[in-house]
Amino acid sequence: MTARSFVSSALRHTALLLIAAFALLPFAVMVSTSIKPADEIFSETLRWWPQKLAVIENYTEAFSAAPLMLYLMNGVVVTAAIFFLQVLVTLPAAYALAKLHFFGRRLAFGFVLFCLLIPYQAIAVPLFILLYYVGLLDSYSALVLPFTISVFGIFLMRQFFMGVPDDLVDAARMDGMSELSIVWRVMLPAAIPALTAFGVFSIVTHWNDYFWPLVAVSSDKYFTPPLGVMAFRNAEAGNDFGPLMAAATIIVAPLLCLFLLAQRRFIEGIAFTGIK
Amino acid sequence: MSLSASQNRAGLALIAPASILAIIFLIAPLSSILVLAFTDYQLGDRSLRFIGFENFQALIDDPVFWKSLSNTLIYSAVVVPGSMLLGLVSALLIDAGTSLRSFYRTAFFMPVMASLLAMAIVWEFMLHPSFGIVNTTAKALGFASHNWLKDGDIALYVLAVIGIWQSFGFNMVLFMAGLSAIPRDLYDAAELDGTPHAWERFKLITWPLLAPVAVFVAITSAIRSFQVFDTVHALTQGGPNKATEVLLYTIYAEGFEFFRSSHAAAITIVFILLVVSVSLLRFVSLKKNGEGA
Amino acid sequence: MKRIDLDIRDGEFISLVGPSGCGKSTLLRIISGLEQQSGGSILLDGATVDRIRPRDRDLAMVFQSYALYPHLTVAENIAVPLVMRRLNTTERSLLGTLLPSAKAKRKEIAGEVGRVCDALSISMLKDRKPASLSGGQRQRVALARAMVRKPSAFLMDEPLSNLDAKMRVQARGEIAALHRQLGSTFIYVTHDQAEAMTMSDRIAVMMGGEILQVDTPDQIYQMPLDLRVAEFIGSPKINVLQAALTEGDVLSFTFADTANNRVQAAFRPEAARLAGIANAPLAGVIHHIENLGADLFVQVMTAGGNLVVVRCDPGGIRPAIGDKVGIVMDEARLHVFGTDNRRIEGSYRLEAPL
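Parameters at a glance
- Residues numbered from 1 in each chain as written.
- Chains lettered and ligands numbered in written order.
- Predicted model: local features only at pLDDT ≥ 70, side-chain atom pairs only at ≥ 80, totals over all residues.
- Helix = DSSP H or I, 4+ residues; strand = E, 2+ residues; numbered from the N terminus.
- Rg over C-alpha atoms; globule rule 2.2 N^0.38 Å.
- Buried ≥ 20, exposed ≤ 12 C-beta atoms within 10 Å, placed from the backbone.
- Contact = placed C-beta atoms within 7 Å.
- Nonpolar A, V, L, I, M, F, W, Y, C, P; charged D, E, K, R; others polar.
- Domains from an automatic or database assignment.
- Core = buried A, V, L, I, M, F, W, Y, C linked by C-beta atoms within 7 Å.
- UniProt positions renumbered as here; feature names shortened; annotations may be inferred.
- Axes fitted to C-alpha atoms, helices over the stretch in contact; angles between N-to-C directions.
- Parallel < 35°, antiparallel > 145°, perpendicular 65-115°, else oblique.
- Left-handed = near helix turned anticlockwise from the far one by under 90°.

Participant: Before we go on, may I ask you to explain the overall build of chain A in this structure?
Facilitator: In terms of regular secondary structure, chain A is built from 15 helices and 0 strands. Computed over the C-alpha atoms, the radius of gyration of chain A is 24 Å, more than 25% above the 19 Å expected from 2.2 N^0.38 for a compact globule of 276 residues. Based on the C-alpha atoms only, the size of chain A along its principal axes is roughly 75 × 70 × 30 Å. Of all 276 residues assigned to chain A, the portion counted as buried reaches 48%. Counting only contacts in chain A whose residues sit at least 6 apart along the sequence, the fraction spanning at least 24 positions is 75%.

Take a look at the structure:
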């Protein structure tokens, strides 16, 4: 290695490590605090690894003070239900928009493009009123139903289906498939990469969503993970930091672990859905 | 049954579930926002009365609304350039070498993945006035300590830093995708043509070819920053003294705490106009690029 | 498309050939039922199929891109048409795999798939996915998927155009042999006149949405009814020259611009030979010589500015570039077309030069 390239490489790593420190600092603080006893948390000296480990105390406290497992389960149930229903609704619609000629197709697609511009928070007020009148507020339905229709999913899958060769669809028709079986037997397997990307997008969005669950449910048996941490903080009056950080770690961990295991998939998925 | 008729039927059948759900959960709410904004409806009311532009008149006279709108714009004005610049620098630095690429990429992307609400609580702890890591470090280095989230002059900017922290990794990924689309040959050609400095090559090749991506990233970042809510709700509740009141938080408070639905609808319309007008900038920029090509 | 009237005989190999955009693929798709005609009727075995869905027309299609299902293995790909026809919805579902009726049918299908694979010698590929196959292998799998149904007719849409030149020649022979062996009707769409010439019983030449001529390869080559047919079929291309037709069926290449008896005279490179300038109806300078080994094609630039190609025997005297030569055509193999491109029948003499 020449001196010049050594210097530039050292500069690159220095700068990147600084940014990495900024990005990772909150995670380090979170984990480090979650394993510290109270007296060390409140001490003025900065120490990453505690002198006396309080892992068991803090995490037991976190689990006993709030039904964290229930919140996690709620998160899993709600995100899984949303994604499953989205796939069920989105794929046939996207296939029709991409490959079938039907009356009103242009109008339907124009509508999809228009709705892409509107963030869901903008229609939260009437959605809330709607659920209030049908008596579905404060239920799993309230958390799931509004997201069963994903114009973003329809748009993304339609764009992907446009690239599937027409020949393949025609071959399936010649082979005797109905249009609906083409969706599930030909388009779905062909769309696995796009569907993975959409899945990553959908799961990350709804696992981390705070606004809608905050509006839609009030009993803590329906709390999703972010609502759970918030409830935990409010109940503990924000002073018992060890267990609070343990709770935050527990809530953040599942998605981060998934991400670390399949980080290529995740990043590609998000990049794929980002550049639409 | 003729072919076109059968395709027509299949198409309509396949799109029916999506259409029905869209009518219930998108079209009906969106149109009722437009109606609500011109009524005096409050949640639970049995009837409603059309009152024309009174809600909007009230907004114009309401200093909190103006504070909320200007805070949202200031927040965006900090977060958009901040997260773009940090994202671009990260992408360029990662792309400039071969070692530890995936480590950095993963590290910078972690804040995007983590629940912002949970991480906001971690930030709150880090910013704790007496034993938070920020103040203890500041003190150790000889700087003054602050009550970051309770000081009306800086609270909004503190939230903006959290916003940058959370979103720059996302922008980095978009920029890296853009960079990977630039043919390597161009850099070799530029080097042979006599542009030895990295900065010169950046000006000559990278930036012009990355410009469409940058426009896209700017618009996406802006729209995301208009939707800032989690940190505000968790850390400041719009305070101190409305210093961190932002549009979505105002909508939330009006619509779901005071149940003044029609008033919330009027602010929502302002919010929608803001988001849609920025989104439409994208079409303008696409057109401009299309003409240039 | 207009005035399409095509009668395909049972068991024949017919090619639809023409330049891209001439409507040949559209015609094939209309026959298959994948596209709807705006008027007229399609009859199969004397019965109209206009209102019958593609899957029920008893036709199989081989696509240009082969259209293999990328997520299924070769054997599964070939089985799809049978599975879709013989198993009902419950039998096809995940649970249905446990049904005894489904098991029996699947076993029977596996047997038929095996026989087709053996016939096309792709048995060793059965468990591979399409992505891992070469172009030629994919083409055979697509063929197998069509064959397994034992359809009354095969529709093929440029099935060889994705193969390299060497594979294409081999595959031509294989498909022609398959046709002889199966004895079913093949309707074959191609833009490559060589494919049409080498494989077909009959050729339909299409241009601009019209069928210009339907005939055996020999007839198409030797007796083109339309100048565009003559120009499309044969390589190198037929020579076409403006001429005047004077009394007594005498063709003249030297004529006044005002002549109102203009025609287009055409002759193939092998219907002419080089000669001395004296007494030759055409003369020019040798512009370029293409030596293909078995043939020697000499390009001559005539005084009128036309490039005329003449086939020579490479064993004979080699002309040289720049030589002044005369061209003598075989009058019996001279084609004359009117200004409307239609053939004008007759026996012609060439005007002796001045």
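Participant: Please explain the interface of chain A and chain B as it appears in this structure.
Facilitator: One frequent convention defines the size of an interface as the accessible area lost when the parts assemble. Each side of the interface is counted separately: chain A has 75 residues, and chain B has 71 residues. The element contributing the most residues to the side of chain A that touches chain B is helix α1 (residues 3-34) of chain A, with 14 residues. Of the residues in the side of chain A that touches chain B, the class split is 61 nonpolar, 9 polar and 5 charged.

Participant: How should I be thinking about the domain arrangement of chain C in this particular structure?
Facilitator: Taken domain by domain, chain C consists of domain 1 (1-27 + 155-235), domain 2 (59-150) and domain 3 (236-350). Its C-alpha centre places domain 2 of chain C at a distance of 54 Å from the equivalent point of domain 3 of chain C.

Participant: What exactly am I supposed to notice about the environment of C:G322 here?
Facilitator: Residue and element names in this part refer to chain C. Mapping G322 onto the fold places it in the loop between β15 (307-312) and β16 (324-329). Counting along the chain gives 183 residues from G322 to Q139, while the straight-line C-alpha distance between them is 47 Å. Apart from residues no more than four positions distant in its own chain, G322 is found in contact with V285 and I286.

Participant: Is there a simple way to think about the nonpolar core in this case?
Facilitator: Considering soluble globular proteins, one finds that nonpolar side chains tend to be buried as a cluster. One finds A:M157, A:A247, A:A248, B:A118, B:V122, C:I78 and C:V205 to be the most contacted residues of the largest nonpolar core, which totals 262 residues. Considering every element that reaches this core, the biggest residue donor is helix α7 (residues 155-180) of chain B, with 15 residues. If we ignore the near neighbours within four places in the chain, the residues touching A:A248 are A:M30, A:V229, B:A118, B:I121 and B:V122.

Participant: Which parts of the structure should I look at to understand the interface of chain A and chain C?
Facilitator: On the chain C side, the residues contacting the 13 residues of chain A number 17 residues. When residues of the side of chain A that touches chain C are traced back to their parent elements, those giving at least two are α9 (166-174) and α10 (179-190) of chain A. It is α9(A) that contributes the most residues to the side of chain A that touches chain C, 6 residues altogether. For the side of chain A that touches chain C, the class distribution of residues is 8 nonpolar, 1 polar and 4 charged.

Participant: Looking at this model, I keep getting lost on the environment of C:P281. Mind explaining?
Facilitator: All names here are of chain C. Here P281 is to be found in the loop between β12 (272-275) and β13 (282-291). For P281, a count of 23 C-beta atoms within 10 Å gives the class buried. Taking the C-alpha atoms as reference points, P281 and R57, separated by 224 residues in sequence, lie 57 Å from one another.

Participant: What is the right way to look at the UniProt feature "transmembrane region" (unreviewed entry) in chain A in this model?
Facilitator: Residues and elements named next belong to chain A. The UniProt record annotates "transmembrane region" (unreviewed entry) at residues 68-95, 107-134, 140-161, 182-204 and 241-262. Between the C-alpha atoms that bound residues 68-95 there is a distance of 40 Å. The span itself is 100% helix and 0% strand. Between the end C-alpha atoms of residues 107-134 there is a gap of 30 Å, over a span that is 75% helix and 0% strand.

Participant: Looking at this structure, how should I read the packing of helix α3 (residues 63-96) of chain B against helix α9 (residues 198-226) of chain B?
Facilitator: Residues and elements named next belong to chain B. Closest axis-to-axis distance for the α3/α9 pair is 9 Å, and the angle between their directions is 140°. Taken together, the axes of α3 and α9 lie oblique to each other. Read as a crossing pair, α3 and α9 show a hand that is right-handed. For the pair formed by α3 and α9, the contact residues are T72, Y75, S76, V79, V80, S83 and M84 on the first element and V217, A218, S221, A222, S225 and F226 on the second.

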